[in-house]
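# Chains, contacts and geometry: an overview
Residues per chain, in single letters:
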Amino acid sequence: NPRLVAMSLPALALLGLEVPAADPAAAEAEAALFFSGNRVPAGAEPAAHCYCGHQFGSFAGQLGDGAAMYLGEVLGPRGERWEIQLKGAGITPFSRQADGRKVLRSSIREFLCSEAMFHLGIPTTRAGTCVTSDSRVLRDIFYDGNPKNERCTVVLRIASTFIRFGSFEIFKPPDEYTGRKGPSVDRNDIRIQMLDYVISTFYPEIQEAYPDNTVQRNAAFFKEVTKRTARLVAEWQCVGFCHGVLNTDNMSIVGLTIDYGPFGFMDRYDPEHVCNGSDNTGRYAYNKQPEICKWNLGKLAEALVPELPLEISQLILEEEYDAEFEKHYLQKMRKKLGLIQLELEEDSKLVSELLETMHLTAGDFTNIFYLLSSFSVDMDPSKFEDFLEELTSQCASVEELKVVFKPQMDPRQLSMMLMLAQSNPQLLALIGTKANINKELERIEQFTKLQQLTADDLLSRNKRHWKEWLEKYRARLQKEIESIGNADAWNTEHVKVMNSNNPKYILRNYIAQNAIEAAENGDFSEVRNVLKLLEHPFQEAEGFQEVKEDAEEEGAAAPAAVCSSETRSRQPYCSKPPLWASELCVT
C-alpha cells in the first residue's frame, strides 16, 4: 500500500516530470506506484553497483549498493543525463545479511537534506520523491537491544552519477592491516574502462585536452576531483554541515554530497562537534572533515595505480588540496561577512576570531551569521546595545550549557579508566581512549563551574566577548567603506551578499524530528511544509507561523520521548534548538 510522503517538483523537473494541475491526486498515486519500486518504468534495467571502501579508516573489502537500485539513465528536457535510483526498494546482490529496506525516519532525513543542500547552493545528489508503505521491518535504532517495527520507505535519488571513490577500490590487493581485498584484483582492463567512461562522460573537457596521453589525462582528472572535493568540504564548513560517515564509499567522483545518513547541521558552534552517535572516536567530527576528505583522496590515488603513478597523484594532492580548500573557504567566509570590496590578509584572522568568540559564548552558528547583516558601522549606542542583546540571545543559556557539559561516565567507570591509563595503557586502548577520558574530565570541570554561574554573569561575559570582536569587525568594514566612493551603494550590495550567503533556515535535527514524528502518525503535511521552507533558505518564510516560545516553555527540559508534538510545533523554524533536542541521537 505505497503512499507518497512528499515530492520535490524542482528535482522531478530535471527528469521532465511535472504534476498536472487538473489531477494532482492521480499524479501522486502514479508516483507512489513507480517510485516505490512496485512498477518498473518502461526501458529500465534495474541494477546494483559494486564498490569497496575504507570505513572509519580500515579497508572493509567489497560493499556495494545494499539498499539502492539503479533504474537507468534519463535524458532530461535540457539534454542532461540523469541516473535514477530507488533507495530502500529491497534486496540486491550486495545486501549481505540485510534486507535492502530503508525506513520512514532515515528516508525523510535523506529526502529533505538532499533538497536543502541543493537550495543552499552546495553540490549534491537530488531527491525526487519519498514513498512510504504498510510493509514493516524491525530496526534496532540505537543498537541497544530494543528493536522497533518501522515502515518501509523508498527515496528516488537523482544524480549525474553515483560512482564513488570506493568504486575504484574494487581492484585493491589484500590490505596489509585487514587482509581484505577487492573483488576485481588484477583486472586493470576494468580500471581502464571505468576511467575512460568517467572522464569522457563527466570530464569531457579533460578528455578533449589529452586525447593521446592517458597519464596526463588521468593526472588532470585527479587534479580536478581533488579541487572539487576541496571546494565541496569548504562549502560544508561554511554552513556548519557535518556528513557523519565520510568513508571512501561515500565520496562522489564528481564532487557531490552523497549518501545522507547520520548527518547533522551544527547548532551551537563546537569545532569538535560529532553528529553521528556511532562515531565513538570522533573521526568524522566537524573540524576533521577537511583532513579526512584529503585522506580519502589519498586512497583514491592508490586505487588509480598503475594508470596514474602514485608519485604524480601524491604531488597533485599536496600542491592542490589545502590551497584550494583555504582559498574557497576564505572567499565564502568573506561573503558571509559582507567583505565585498577588499581582500586583506587580516581577513583570515577575523574569521578565526569570530569562530573563537562563537565557541566561547556557545553561539548558534547559523543564527549569528544571519544576524550580522543587520550590524552597521555607524550604529548609535542604543541600537548597538539592542543588537548586542539580540546576538547574545543566540548564545546558550546556563541551563543549555549544563545539558551540554553534563558528565557522561559513571564516576566508578571514570576512576577505573584513570587507573588503567596509569597501569595498563594497552588495555585502555582496547576499551577506550585517553582523549575520551580527557574530554570527560573537561566536562566535569565545566559542569562544576556552571553550578556557580548565574544567568547575569553569563550574559555579561558573553556581551564582553562579542563587543571585542564587533569592534574588530567594525574597523574592517570601515576599511571597505573608505576604499569606495559611494557608501550607500556599497551598503546595499554588502547586505545583499550577506543575505544570499547566510541562510535563515537549515534542516536542524529538531525540525526533521518533528516532521518524522508527524509522518509516523500518518500526517505528511509537516514534511511538505519543511520542504517548501528549505527551498528558500535565505528568505523570510511566507505563510509559516513563526511564534516565539514564552520563557517558561523555553526553560522546560522535557526529554524528546515525552515532549508533545503540540509543544514542539510552536518552535519557530529559525530558532536555535529547544532543550529537548539535546536528547536526539542519530546513529
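Residues numbered from 1 in each chain as written. Predicted model: local features only at pLDDT ≥ 70, side-chain atom pairs only at ≥ 80, totals over all residues. Heavy atoms only, no water.

The name given to the protein chain in an unreviewed UniProt entry is Selenoprotein O, with the source organism recorded as Alaudala cheleensis. On record in UniProt, under Cofactor (unreviewed entry), the comment for the protein chain is "Mg(2+)". What UniProt records for the protein chain under Sequence similarities (unreviewed entry) is the sentence "Belongs to the SELO family." (UniProt positions renumbered as here; feature names shortened; annotations may be inferred.)

Helix and strand counts for the protein chain stand at 21 helices and 10 strands. Its C-alpha atoms give the protein chain a radius of gyration of 25 Å, within 12% of the compact-globule value 25 Å for 587 residues. The principal-axis extents of the C-alpha atoms in the protein chain amount to approximately 70 × 70 × 55 Å. Per-residue burial for the protein chain yields a buried fraction of 50% across its 587 residues. The long-range share in the protein chain, meaning contacts at least 24 apart out of those at least 6 apart in sequence, stands at 71%. In the structure as shown, the protein chain presents an accessible area of about 27,400 Å², 51% of it carried by carbon and sulfur atoms. Computed over 63 positive and 85 negative side-chain charges, the inter-centroid distance for the protein chain is 3 Å. (Helix = DSSP H or I, 4+ residues; strand = E, 2+ residues; numbered from the N terminus. Rg over C-alpha atoms; globule rule 2.2 N^0.38 Å. Buried < 20%, exposed > 50% of the residue type's maximum accessible area, 1.4 Å probe, protein only. Contact = heavy atoms within 4.5 Å. Areas by Shrake-Rupley, 256 points an atom, 1.4 Å probe, with all protein chains shown as cover. Lys, Arg positive; Asp, Glu negative; His and termini not counted. Charge placed at Lys NZ, Arg CZ, Asp CG, Glu CD.)

Turning our attention to the packing of aromatic side chains. Following the criterion strictly, the structure yields 19 aromatic pairs and no others. Judged by centre distance (6.3 Å) and plane angle (70 degrees), the rings of Phe-241 and Tyr-260 are edge-to-face. In this pair, Phe-241 is assigned in strand S9 (residues 241-242) and Tyr-260 in the loop between S9 and strand S10 (264-265), connecting sequence segments 19 residues apart. Pair check on accessibility: Phe-241 and Tyr-260 agree, each one buried. (Phe/Tyr/Trp six-rings, centres within 6.5 Å; stacked < 30°, edge-to-face > 60°.)

Splitting the protein chain by domain gives domain 1 (2-171) and domain 2 (188-334). Computed from C-alpha coordinates alone, the two centres of domain 1 and domain 2 are separated by 22 Å. Contacts between the two partners involve 36 residues from domain 1 and, on the opposite side, 45 residues from domain 2. Both faces combined, the contact of domain 1 with domain 2 buries some 3,400 Å², and carbon together with sulfur accounts for 67% of it. Contact with domain 2 buries area across many residues of domain 1, yet Phe-56, Phe-165 and Phe-168 alone supply 26% of it, more than any other trio. Across the salt bridge formed by Asp-259 and Arg-164, the nearest N and O atoms sit 2.6 Å from each other. Summed over the shared surface of domain 1 and domain 2, the number is 15 residue pairs in polar contact (both at pLDDT 80 or more). Residue assignment for the side of domain 1 that touches domain 2 shows that the elements contributing at least two residues are strand S2 (52-55), strand S5 (81-87), helix H3 (104-119) and strand S8 (148-159). Per-element tally for the side of domain 1 that touches domain 2: the top contributor is H3, with five residues. When its residues are assigned to classes, the side of domain 1 that touches domain 2 shows 17 nonpolar, 11 polar and eight charged. (Domains from an automatic or database assignment. Buried area = accessible area lost by both parts, 1.4 Å probe. Salt bridge = Lys/Arg side-chain N within 4 Å of Asp/Glu carboxyl O. Polar contact = N/O pair within 3.5 Å; in protein donor to acceptor, adjacent residues only side chain to side chain. Nonpolar A, V, L, I, M, F, W, Y, C, P; charged D, E, K, R; others polar.)

Before going further, it helps to spend a moment on a negative patch on the surface. Residues Asp-378, Asp-380, Asp-386 and Glu-390 make up a contiguous surface patch of negative charge. Mapping Asp-386 onto the fold places it in helix H11 (residues 381-392). Of the residues examined, Asp-386 reaches a relative accessible area of 52% and is grouped as exposed. (Patch = residues over 30% accessible without salt bridge, like charges linked within 9 Å, V, L, I, M, F, W, Y side chains within 5 Å.)

The next subject is the side chain of Ser-133. Topologically, Ser-133 is positioned in strand S7 (residues 126-139). Under the relative-accessibility criterion, Ser-133 is labelled buried at 10%. At 2.9 Å, the side chain of Ser-133 forms a polar contact with the backbone oxygen of Cys-152. Apart from the residues lying within four places of it in its own chain, the contact partners of Ser-133 are Asn-1, Pro-2, Arg-3, Arg-151 and Cys-152.

Next up on the list: the nonpolar core. Within the largest apolar cluster, 120 residues are counted, with the highest numbers of intra-cluster contacts made by Phe-168, Leu-337, Leu-372, Leu-470, Tyr-473 and Leu-507. The dominant element in this core, judged by the number of residues it contributes, is helix H6 (residues 214-239), at 12 residues. Both domain 1 (2-171) and domain 2 (188-334) contribute no fewer than three residues apiece to this core. The contact partners of Leu-470, leaving out residues within four places of it in the chain, are Leu-372, Phe-375, Phe-384, Phe-387, Leu-388 and Leu-391. (Core = buried A, V, L, I, M, F, W, Y, C linked by side-chain atoms within 4.5 Å.)

The next point concerns the pairing of strand S3 (residues 58-62). The side chains of a regular strand alternate between both faces of the sheet. Of the pairings in the sheet, the one linking S2 to S3 comprises three bridges and is antiparallel in character. Pairing of Gln-55 across the sheet is with Ser-58, part of S3. In textbook terms, the turn of a hairpin is the stretch between consecutive antiparallel strands, and for S2 and S3 this stretch comprises two residues, one of which, Phe-56, has a positive phi near 50 degrees. (Pairing = 2+ DSSP bridges.)

With 14 residues, helix H9 (residues 347-360) should reach 20 Å at 1.5 Å per residue; the first-to-last C-alpha distance of 20 Å fits that figure. Within the span of H9, buried status applies to Asp-347, Leu-350, Val-351, Leu-354, Leu-355, Thr-357 and Met-358. For H9, the buried positions fall inside an angular range of 155 degrees around the axis, keeping them on one side. Where H9 is buried, its residues meet helix H8 (310-336), helix H10 (365-371) and helix H16 (455-482). Just downstream of H9, Ala-362 is the residue with a positive phi angle, here 50 degrees. (Expected span 1.5 Å × (residues − 1). Arc of directions from axis to C-beta.)

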